[in-house]
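Close look at the chain arrangement
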Amino acid sequence: MKTLNITNTIKLVAILCISTFTLSSCSNDHDDELEHGTEEELITTVTYTLTSGNNVVNLIFTDLTGGSLDDATYEVSGSLTANTTYTGVLKLENATESPAENITLEVKAEGDEHEFFFASSIADLTIEKTDTDVNGNPIGIETSVSTGNAGTGTLTIVLKHEPTKPNDGTSANAGGSTDAEVTFDISVQ
């Protein structure tokens, strides 16, 4: 009887060791998937190009360190024209690589997990998202921008990761996490 109990105990210990190793292996694989799946891209440059015929206005944010915003630059190439409709296109890049990595392609491919939000202090400026993800919800890489009367103010662009879709169109109520947020001083003349 004692021999049978010792044999059964050895088998049980062996099974527990194998089970522990298997669970740890699965856990490590899962962790690797999570790390790859949530890997954050470095966004050093945000370019918003607004085009209406020959009238092109570029809004460019650059932060090559990707850390503190102390060395970040904001450039606006000109004023928007009053009572005009522009086609807007956003481009995100990681300029620490050569050539610069186009992050916009990844955001577009994962459009159901991303959305841009726009907010302006200029009352007559309206921005409509014209591109959609696989579920028919807006992404915001492509937009239609309409100006009204002349004015000055700000335009804030926010990229949210995993926002609630559909939502009310505001970044504050969309949930998710913020991947990028930039604010430009703009004018309409």
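These remarks concern the structure in this document. Model, not experiment: these values are computed from the prediction.

Taken in spatial order, the 3 strands line up as β6-β9-β10 in an open sheet, and their pairing is antiparallel. Either end of the sheet is taken by a strand with one partner, and the two such strands are β6 (114-120) and β10 (177-188). Neighbour to neighbour, the strand axes of the sheet diverge by 15 degrees on average, direction disregarded. Relative to strand β9 (residues 151-161), β6 is paired through 7 bridges, and the arrangement is antiparallel. Counterpart to Glu115 in the pairing with β9 is Lys160.

Right, let's get into the packing of aromatic side chains. Under the definition given, this model contains 3 aromatic pairs. Taking the centre distance of 5.1 Å and the plane angle of 55 degrees together, the rings of Phe61 and Tyr74 count as tilted. Highlighted residues: Phe61 in strand β2 (residues 55-62) and Tyr74 in strand β3 (residues 73-76), separated in sequence by 13 residues. Summarising the aromatic geometry, the rings of Tyr74 and Phe184 are spaced 5.9 Å apart at their centres and angled 80 degrees between planes, so their arrangement reads as edge-to-face. Remark: Phe184 occurs in strand β10 and Tyr74 occurs in strand β3; sequence separation between them is 110 residues. Exposure remark for Phe184: the relative accessible area of 0% places this residue in the buried category. A connected cluster of aromatic rings, assembled from ring pairs, spans Phe61, Tyr74 and Phe184. A cation over a ring is seen here: Lys129 above Phe117, with NZ or CZ 4.2 Å from the ring centre.

Further remarks concern the environment of Asp63. Within the secondary structure, Asp63 sits in the loop between β2 and β3. Put simply, Asp63 and Thr44 are 19 residues apart on the chain and 4.9 Å apart in space, counted from C-alpha to C-alpha. When neighbours within four sequence positions are excluded, Asp63 is seen to be in contact with Thr44, Ser68, Leu69, Asp71 and Ala72. Within polar-contact distance, the side chain of Asp63 engages the side chain of Thr65 at 2.9 Å.

Our next topic: the side chain of Thr156. Note on placement: Thr156 falls in strand β9. In this structure the side chain of Thr156 is engaged in a polar contact, spanning 2.8 Å, whose partner is the side chain of Thr183. If we ignore the near neighbours within four places in the chain, the residues touching Thr156 are Phe117, Phe118, Ala119, Glu181, Val182 and Thr183.

Reading guide: rules and limits
Residues numbered from 1 in each chain as written. Predicted model: local features only at pLDDT ≥ 70, side-chain atom pairs only at ≥ 80, totals over all residues. Heavy atoms only, no water. Pairing = 2+ DSSP bridges. Helix = DSSP H or I, 4+ residues; strand = E, 2+ residues; numbered from the N terminus. Axes fitted to C-alpha atoms, helices over the stretch in contact; angles between N-to-C directions. Phe/Tyr/Trp six-rings, centres within 6.5 Å; stacked < 30°, edge-to-face > 60°. Buried < 20%, exposed > 50% of the residue type's maximum accessible area, 1.4 Å probe, protein only. Lys NZ or Arg CZ within 6 Å of the ring centre and 35° of its normal. Contact = heavy atoms within 4.5 Å. Polar contact = N/O pair within 3.5 Å; in protein donor to acceptor, adjacent residues only side chain to side chain.

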